[in-house]
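Residues per chain, in single letters:
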Amino acid sequence: MDFASPLLGLVKGLWGLASKPLGLICNLKGNVDSLLSETDSLKAVRNDVKARVEREEEGGGARRTNQVVNWLGKVQDFEGGVDQVLQETGERDQIKCVSHCLPRNCWSSYKLGKRVDQLLNEARELRHEKGEFSDFTSPLPPPPQVFEMSIDKTVGLDRSLNEVWKWLVDEREAGVIGLYGTGGVGKTTLMKMINEKLSHANHGFEVVIWVVVSRQVNEDSIRDAIRKRLNIKDESWKAWSRDERVHHLLEVLTQKKFVLLIDDVWASLDLSKIGVPCPGLENRSKVVFTTRLKQVCHQMGAGEIFEVQCLTPEEALVLFENNVGKSTVDSHPEIPKLAKDIAQECKGLPLALITVGRAMTGIANPREWKHALTTLKENPHKLTGMVEEVYHILELSYDRLNDFTLQLCFLYCCLFPEDYHIRPHNLIGLWIGEGLLGDTGDVYSLQNEGEHVLGRLNRACLLESGLDSNGEYVKMHDVIRDMATWIARDRGHKENKLLVIENVEDISEEMISKWREAKKVCIWGKWIQNINRIPSKCSQLKTLFVRETEVTFVPRGFFDSMTARLAVLDLSDNKHIESFPKGICNLINLRYLNLSATRIHELPRQIKNLTRLRWLLLDNMLERNILIPTRAITSLPLNVFSVWESERNMGEHCLVKEEEMVEELGCTRHLTDLSICVRESSSVQKIFQSSNLRRRIRRACINNENGNLTSIVITYSPASTDDFSHLETLYLPSCTELREMKITQGIGRAPNCSCFPNLVEVRVYSCKLSDLTWLVHAPKLRELWVAYCNSMERIIGDGFAREELAASGLFSRLESLHLFNLPKLTSICDQALFFPQGVSFDIWYCPRLRKLPLDSSSARGSFVVEGDKSWWAEFEWDPTARVTLQLDVESLVEEMTFGEAARKVKEDESQYWAKIGFLPRGGPSE
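Here the structure is a predicted model, which means the values were calculated and not measured.

Reading guide: rules and limits
- Residues numbered from 1 in each chain as written.
- Predicted model: local features only at pLDDT ≥ 70, side-chain atom pairs only at ≥ 80, totals over all residues.
- Heavy atoms only, no water.
- Helix = DSSP H or I, 4+ residues; strand = E, 2+ residues; numbered from the N terminus.
- Buried < 20%, exposed > 50% of the residue type's maximum accessible area, 1.4 Å probe, protein only.
- Contact = heavy atoms within 4.5 Å.
- Areas by Shrake-Rupley, 256 points an atom, 1.4 Å probe, with all protein chains shown as cover.
- Salt bridge = Lys/Arg side-chain N within 4 Å of Asp/Glu carboxyl O.
- Disulfide = S-S within 2.5 Å.
- Pairing = 2+ DSSP bridges.
- Axes fitted to C-alpha atoms, helices over the stretch in contact; angles between N-to-C directions.
- pLDDT = per-residue confidence, 0-100.
- Phe/Tyr/Trp six-rings, centres within 6.5 Å; stacked < 30°, edge-to-face > 60°.
- Lys NZ or Arg CZ within 6 Å of the ring centre and 35° of its normal.
- Parallel < 35°, antiparallel > 145°, perpendicular 65-115°, else oblique.
- Left-handed = near helix turned anticlockwise from the far one by under 90°.
- Nonpolar A, V, L, I, M, F, W, Y, C, P; charged D, E, K, R; others polar.

Engineer: Could you clarify how one ought to interpret the overall build of the protein chain in this entry?
Structural biologist: If you tally the helices and strands in the protein chain, you get 29 helices and 31 strands. Across the 926 residues of the protein chain, 50% fall into the buried class. Long-range pairs, those at least 24 residues apart, make up 68% of the contacts in the protein chain between residues at least 6 apart in sequence. With the model as given, the accessible surface of the protein chain reaches about 44,100 Å², and the carbon-plus-sulfur share is 47%.

Structure below.
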């Protein structure tokens, strides 16, 4: 007995220590059920609290107490913890009690049981804590005193106001809000509407402060405006130093919930140096500012950025008629139609609509309205108020560029017609050809600078950017273009300095006589069918465009008076011009010549006379065989030479004496940017083996239909930095016997240096390649097309570890992958790859390809797949993954699981195509 008593005590002690953990394991299922019950009860209490709070807040006179806010936050965190626990319990095997058998992993079951027990206690504490509430809401202070401002009746800004207002009153949203847009678009009016709404609504702000900054920033005046709203006395303010003023403003504003409205910001402001504490969740204050420069929004750390846009045509007409006056509009039956036409000319810019509308008020004679419409189209600066009230305001954005190069590049854009979609690469090339970006032969540096200039102009809201079926474009708003044209014509004093001709009447003898004063002349469009007059005395002319016309020939002697200064000549997209105008060869100062998309089939040997020519563009020529005098071309100081074809016609045309041309191009001294299409295997070998050509080539198209090209071997050294350093585009449209393309250094392992460091687009059609493993040398690839390759088995072959592929950057920047008619293709890559967010896959008639190179870690972002119905039937993916489904180009996009989407695709017999967007967190089936 003496021995048994201590042993019994030890057993009891050990059982006491073990009983609780064992209880947590054995009672796990019961505790989970209890947790579900407690959670349901807590949710019911939570819903009652929220309903009561929202009911009391609805009148606008109360705000939920901090105690309630804190409690609701705790409940939300609690529910997240419960969801996580329930997910974990659902994933493990059926929970079994000790009487049967212990769970497979006692330690993880113990940890889970302990977490469930903690959540049960937390639920009880939260219910108890709710019972201690004395008040659910507290009364708000009265609406803040706001300076009243006159504001005219507005049109089309209500949607913008509602969007910004949501950010303003939601304390969880960003503290700094930036509103940007072009001059005259209504940014200040929108701010006034916000100011007015703050004076009537009660949302807990204690003070609203309005400050106008303008171009010449004066921090002292900003501080003075703020301190007056804070009722800081003049005597105290004058006695303080600058640092003391900043300190006092920070101290006062930190204690208040304020709204600071800053209008007309031209450069980034450091609010803390002015005396404004950084708004955020702590003080729940807000700063809203307007600017013409989008970059200012980023520089000032705006959490929300909103572009104030021009009005729709319907809204524009309402605003215009409001300013004209109903009595004037109704004074004659013809005026409503004329009013609509004039409003359309203003292209939705409120400043122009208001100015022109007020100029037309009281005018009842339709002839005067017709005259105003004609003036607005042809000489808008002559219309009453346009210069003083519109151009001078818009001109501030031009002046603010504060850079002569930027200003010249901006004004250059008004050479293009209204609403014209200007291709960035074409525009930058013209800038370089004009010498606006400098006179260096380093074309690639100049192109980078051109991209920077475009970005600056876009961020200054002087250019608009967009995307259409032909790719990216920029354009000018019509009123901005009118202002730029006015500036380019010496602010209206030299009307003939710049001429843009779009009508056949403008080729009249009277108009041609104006060319003697012109520095730039642009002839555009299908309405121009012939040029039958020869301009005389064009000694000032530096730039001439004749583009996209129906002209069949340029008359002899047309260029004779232009030899002194003409530097840029663009004859592109004249599909009826067949003969090279020989007068061009006398333009000894010509720097830029574009003959693209014409029917010219032969260049004369006399082109060698153009001893200053830097750019020669012969893209998309409409004749199949193009004869170029090789020695004459290669004797020129060309920086850029382009004989390129679009993707629609790639490889259809050929150069006469191609091999000789390629050989000579490799020996030219100044050439830095080459785009060329070749057909002969000997030319291909020169391009891929000549170090001079490899350094210079930017776009290469190889069309070897005759079938004598079977292999492309590239000898590559990682130590070399010049090999293919500028190659951006590579097309292989029809190399019918090409079986091999390999790089002798780097294949078989992830390359440390990339042979194609800047290659962004590859198209491979109708070849006998079995893979494209050499793409591991193209880390910046954005677009890949592979089609009609009957031998293609894989896109990327084996021999790489996943880590090696990740290090190479393979497909890390890919935006789209298009695969068509590849009957043997079984794999894109055997390893899972990391694709960028939003990548799209376009897969048609690839019956053996059933998986994408994605797994649960690499597929965390969203991606889109388009494919034919039969391909979708075999595609393997997690059926529970969330996706969006579109069965027709015009149909609605629906969200569902992949399993549901797959069934719908299978069941819909009317469709042969489906587009499925995979949402984040989806993963493939194991």
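Engineer: How should I be thinking about the pattern of salt bridges in this particular structure?
Structural biologist: A side chain of one charge can pair with a side chain of the opposite charge if their charged atoms are brought near each other. With the rule as written, the count across this model stands at 44 salt bridges. Residue Asp-220 pairs with Arg-242 through a salt bridge whose shortest N-O separation is 3.2 Å. Here Asp-220, found in helix H7 (residues 219-229), pairs with Arg-242, found in helix H9 (residues 242-254); they are 22 residues apart in sequence, far enough to count as distant. Using a relative accessible area of 33% as the deciding quantity, one classes Asp-220 as partly exposed. Between Asp-234 and Arg-227 there is a salt bridge; the shortest N-O distance is 2.5 Å. For Asp-234, a relative accessible area of 39% gives the class partly exposed.

Engineer: Please explain the state of the cysteines as it appears in this structure.
Structural biologist: Should the sulfur atoms of two cysteines be covalently bonded, the bond is a disulfide. In the structure shown here, the tally under the stated rule is 0 disulfides. Here Cys-297 stays unpaired: no disulfide links it, and the sulfur of Cys-461, its closest cysteine neighbor, is 8.6 Å away. The class of Cys-297 is buried, set by a relative accessible area of 0%. Cysteine Cys-310 remains unbridged, with the sulfur of Cys-461 as its closest cysteine sulfur at 9.9 Å. The class of Cys-310 is partly exposed, set by a relative accessible area of 27%.

Engineer: What is the right way to read unusual backbone geometry from this model?
Structural biologist: With the exception of glycine, the majority of residues adopt a negative phi angle, and the majority of peptide bonds are in the trans configuration. With phi around 55 degrees, Lys-537 is a residue other than glycine that occupies positive phi space. Following the sequence through the fold, Lys-537 ends up in the loop between strand E11 (520-524) and strand E12 (543-547). In this structure, Ala-597 is a non-glycine residue whose phi angle is positive, near 55 degrees. Examined against the element boundaries, Ala-597 turns out to sit in the loop between strand E14 (592-594) and strand E15 (615-617).

Engineer: Hey, could you run me through the pairing of E11 in this one?
Structural biologist: Looking down a regular strand, the side chains alternate between one sheet face and the other. The element E11 is largely enclosed, with a buried count of 4 among its 5 residues. Note that strand E10 (residues 498-501) and E11 share 4 bridges and pair parallel. Across the sheet, residue Leu-499 finds its bridge partner in E11, namely Val-521. With 5 bridges connecting them, E11 and E12 associate as parallel partners. Residue pairing for E12: Ile-523 is matched across the bridge by Val-546.

Engineer: Any chance you could explain the sheet that holds strand E5 (residues 258-265) here in plain terms?
Structural biologist: The strands making up a sheet associate through backbone hydrogen bonding, with each pair oriented either parallel or antiparallel. Reading across from one edge, E4-E5-E6-E3-E7 is the order of the 5 strands in this open sheet, with parallel pairing throughout. Looking at strand neighbours, the two that pair on one side only are strand E4 (207-214) and strand E7 (304-307), the edges of this open sheet. If you compare each strand with its neighbour and ignore which way they point, the axes differ by 15 degrees on average. Pairing analysis gives 5 bridges linking strand E3 (residues 176-180) to strand E6 (residues 286-291), with the strands arranged parallel. Bridge pairing in E6 places Tyr-180 opposite Thr-291. In this fold helix H6 (residues 187-200) packs onto E3, E4, E5 and E6, with an angle of close to 165 degrees to the strand it touches most, E5.

Engineer: Looking at this model, I keep getting lost on the confidence of the model for the protein chain. Mind explaining?
Structural biologist: Close reading of the predicted structure is inappropriate where its pLDDT is low. On average, residues of the protein chain score 85 in pLDDT, and 89% of them reach the 70 mark or higher. Ignoring residues within four places in sequence, the model shows residues 922-926, a span with pLDDT below 50, making 14 contacts including any to other chains.

Engineer: When you look at the packing of aromatic side chains in this model, what are you seeing that I'm missing?
Structural biologist: Aromatic rings in a pair are described by how distant their centres are and how their planes are angled relative to each other. Per the stated rule, a full pass over the model turns up 35 aromatic pairs. Relative to Trp-369, the ring of Phe-320 has its centre 6.3 Å away and its plane inclined at 85 degrees; by these criteria the two rings are edge-to-face. On the criterion of sequence distance, the pair formed by Phe-320 in helix H12 (residues 313-324) and Trp-369 in helix H16 (residues 366-378) is long-range, its members being 49 residues apart. Under the relative-accessibility criterion, Trp-369 is labelled buried at 0%. Centre to centre, the rings of Tyr-592 and Trp-615 are 5.8 Å apart; their planes meet at 35 degrees, and the pair counts as tilted. On the criterion of sequence distance, the pair formed by Tyr-592 in strand E14 and Trp-615 in strand E15 is long-range, its members being 23 residues apart. Trp-615 carries the same exposure label as Tyr-592, and that label is buried. A connected cluster of aromatic rings, assembled from ring pairs, spans Phe-811, Phe-835, Phe-841, Phe-863, Trp-871, Trp-872, Phe-875, Trp-877, Phe-898 and Phe-918. Here Arg-491 stacks its cationic end above the ring of Trp-486, 5.9 Å away from the centre of that ring. Seen from the ring of Phe-545, Arg-547 lies directly overhead, with NZ or CZ sitting 5.9 Å from the centre.

Engineer: Where do I start with the packing of helix H14 (residues 335-345) against H16 in this structure?
Structural biologist: Between two packed helices, both the angle of their axes relative to each other and the distance between the axes serve to describe the pair. Running from N to C, H14 and H16 cross one another at 15 degrees; their axes reach a closest spacing of 10 Å. In terms of axis orientation, H14 runs roughly parallel to H16. Handedness of the H14/H16 crossing: left-handed. Between H14 and H16, the residues in contact are Ile-335, Leu-338, Ala-339, Asp-341, Ile-342 and Glu-345 and Pro-366, Trp-369, Lys-370, Ala-372, Leu-373, Leu-376 and Lys-377, respectively. Class assignment of the residues belonging to the contact of H14 with H16 gives a composition of 9 nonpolar, no polar and 4 charged.

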